[in-house]
Structure formats: C-alpha cells, structure tokens
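If you want the building blocks of each chain, they are given just below.
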Amino acid sequence: MIKADFMLDAKGLACPIPIVRTKKKMDELKAGQVLEVQATDKGSTADLQAWAKNTGHKYLETKIEGNILHHFLRKDGDHLLEELSAIPNISLEAFRKKVESREQPCILDVRETEKYEQAHIPGVIHIPLSEVEKRSNELNKDEEIYVICHSGKRSETAAQTMKKQGFKKLINVVPGMRDWRGEIEQ
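Predicted, not measured: the structure shown is a model, and the values here were computed from it. For every chain, the first residue of its written sequence is number 1, and the numbers climb from 1 along that sequence. Under the rules for a predicted model, residues below a pLDDT of 70 receive no local features and side-chain atom pairs below 80 are neither given nor counted, while totals for whole chains, interfaces and linings still include all residues. Water and hydrogen atoms play no part in the side-chain values, which are based on all heavy atoms of the structure.

This paragraph deals with helix α6 (residues 153–164). For α6, with 12 residues, the first-to-last C-alpha span of 17 Å sits near the 16 Å given by 1.5 Å per residue. Working definition: with a 1.4 Å probe on protein chains only, accessible area under 20% of the residue-type maximum means buried, over 50% means exposed, and in between means partly exposed. Numbered from the N terminus, helices here are DSSP runs of H or I no shorter than four residues, and strands are runs of E no shorter than two. Buried within α6 we find Arg-154, Ser-155, Glu-156, Thr-157, Ala-158, Ala-159, Gln-160, Thr-161 and Met-162. A contact between two residues is defined here by any heavy atoms of the two lying within 4.5 Å. Structurally, α6 contributes buried residues whose contacts are with α2 (44–55), β5 (89–91), β6 (106–109), α5 (129–135), β8 (145–148) and β9 (170–174). Backbone geometry just after α6 places Gly-166 at a positive phi near 105°. Each residue after the first adds 1.5 Å to the expected span of a helix.

Structure below.
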C-alpha cells in the first residue's frame, strides 16, 4: 500500500481542473513526496498518467474504491524535465473558419469515446488521450494536425506526447468542443 504525504480532493471535478490543481499542489511538494489525488472523472487516469510523464513526475498507481479513483504520484527531484516548449494554440473561431473552408485540415479528437460519440466534428480522427502514445503512428508526422478535446487541456497533453515522438506541426484548439458551435456528427 502506498502512503501519501498529501491528499488532493478533486472529486466531482472535470478536465482540466484536476490537472490544474494537481500541478499547483505538486509545486508545493518536496522531491520524493507522494500526492494522492482523489477523483471521480473516469478520464482522470489517462490525464494524470500523461501529465506525470510529460512533467517528469512519477505516476505510481490508481486504486479504485466505488466510484472514487485514488491516484498516486511522486514528485521528481533533480531530474524534473525543463518546461516543455509550448504547443501553438488556435482560437475556436479561427479553427471553425479552417474547418468550414475547403482546406480539410487533419483534426485529432482526443476525448474519451463516450464524449466523442455524443458529438464530434465530421471527418475527425478519434484517438483517446490514453491511446495517443501507442496509436500516434496512425498519423502523418509531417502533416499539420489540429488537436482538440473538451477544453484544451487534454489536447495540450496529447500534443506534448506526440511532439516527443517527432510530430512537428501540432496545433492545440482552445477552448475545444465545450464551446464548439460548428457542424457536428453523433
């Protein structure tokens, strides 16, 4: 059993709030300390695993008790990754214009399947964040790819993962499907 030094209550919160609060709390910890994040968002497992990997912290495990996910992360010390270079953002309005043009941009939707099936932009490629690392080879590393999620946080994480794999032209759509007013499929 992992013993946590600190606990963060993120129950009832949806992306991106659990990650934002986890980052803030991890900044307060000392190297080697363990943070337990309690969450109810099913997507939080993939979110925290990817976030930890991208920031140099150690994702230890998740224990499930009823509908509560207990995530355990250890703060890394001397080997924290330097701040990742930012993925460029595009506003939702500018992105909508691109989608409505004849350009037919490559769009990657990284939301969980349940959210994707409720409504998505026609013609997108769907790879949930939890599968991006192993399935990114389905995409062209030299093509411009617009990455979208609900709010812009998971898509940022997915883009950082892909950047490490050699993708060069990644653009994060902010704020994402939460505010999308263009055409959708269900």
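Picking up after the structure, the text goes on.
Moving on to the environment of Ile-125. Tracing the backbone shows Ile-125 in strand β7 (residues 125–126). Separated by 14 residues in sequence, Ile-125 and Leu-139 place their C-alpha atoms 9.0 Å apart. For Ile-125, the contacting residues outside a window of four places in its chain are Cys-106, Ile-107, Leu-108, Asp-109 and Leu-139.

Our next topic: the packing of aromatic side chains. Here the aromatic set is Phe, Tyr and Trp, taking the six-membered ring for Trp, and pairing holds for ring centres within 6.5 Å; pairs whose planes are under 30 degrees apart are stacked, those over 60 apart are edge-to-face, and all others are tilted. One pass over the full model with this rule turns up 2 aromatic pairs. With centroids separated by 5.7 Å and ring planes inclined at 45°, the aromatic side chains of Phe-95 and Tyr-146 adopt a geometry described as tilted. Of this pair, Phe-95 sits in helix α3 (residues 92–100) while Tyr-146 sits in strand β8; the two residues are 51 residues apart in sequence, bridging distant segments of the chain. Taken individually, Phe-95 and Tyr-146 each receive the classification buried, so the pair is uniform in this respect.

With that settled, consider the packing of helix α1 (residues 17–28) against α2. All axes are obtained by fitting lines to C-alpha atoms, using only the stretch in contact for helices, and the reported angles, taken between N-to-C directions, cover 0 to 180 degrees. It is at 11 Å that the axes of α1 and α2 come closest, and there the two elements cross at 40°. Compared by their axis directions, α1 and α2 come out oblique. When you trace α1 past α2, the crossing you get is right-handed. Packed against α1, whose contacting residues are Ile-19, Thr-22, Lys-23 and Met-26, the element α2 presents Asp-47, Leu-48 and Trp-51 at the interface. Put simply, Ala, Val, Leu, Ile, Met, Phe, Trp, Tyr, Cys and Pro go in the nonpolar bin, Asp, Glu, Lys and Arg in the charged bin, and everything else, Gly too, in the polar bin. For the contact of α1 with α2, the per-class residue count stands at 4 nonpolar, 1 polar and 2 charged. An angle below 35 degrees is read as roughly parallel, one above 145 as roughly antiparallel, one from 65 to 115 as roughly perpendicular, and any other as oblique. In this scheme, a crossing is called left-handed if the near helix is turned counterclockwise away from the far one by less than a right angle; it is called right-handed if the turn is clockwise.

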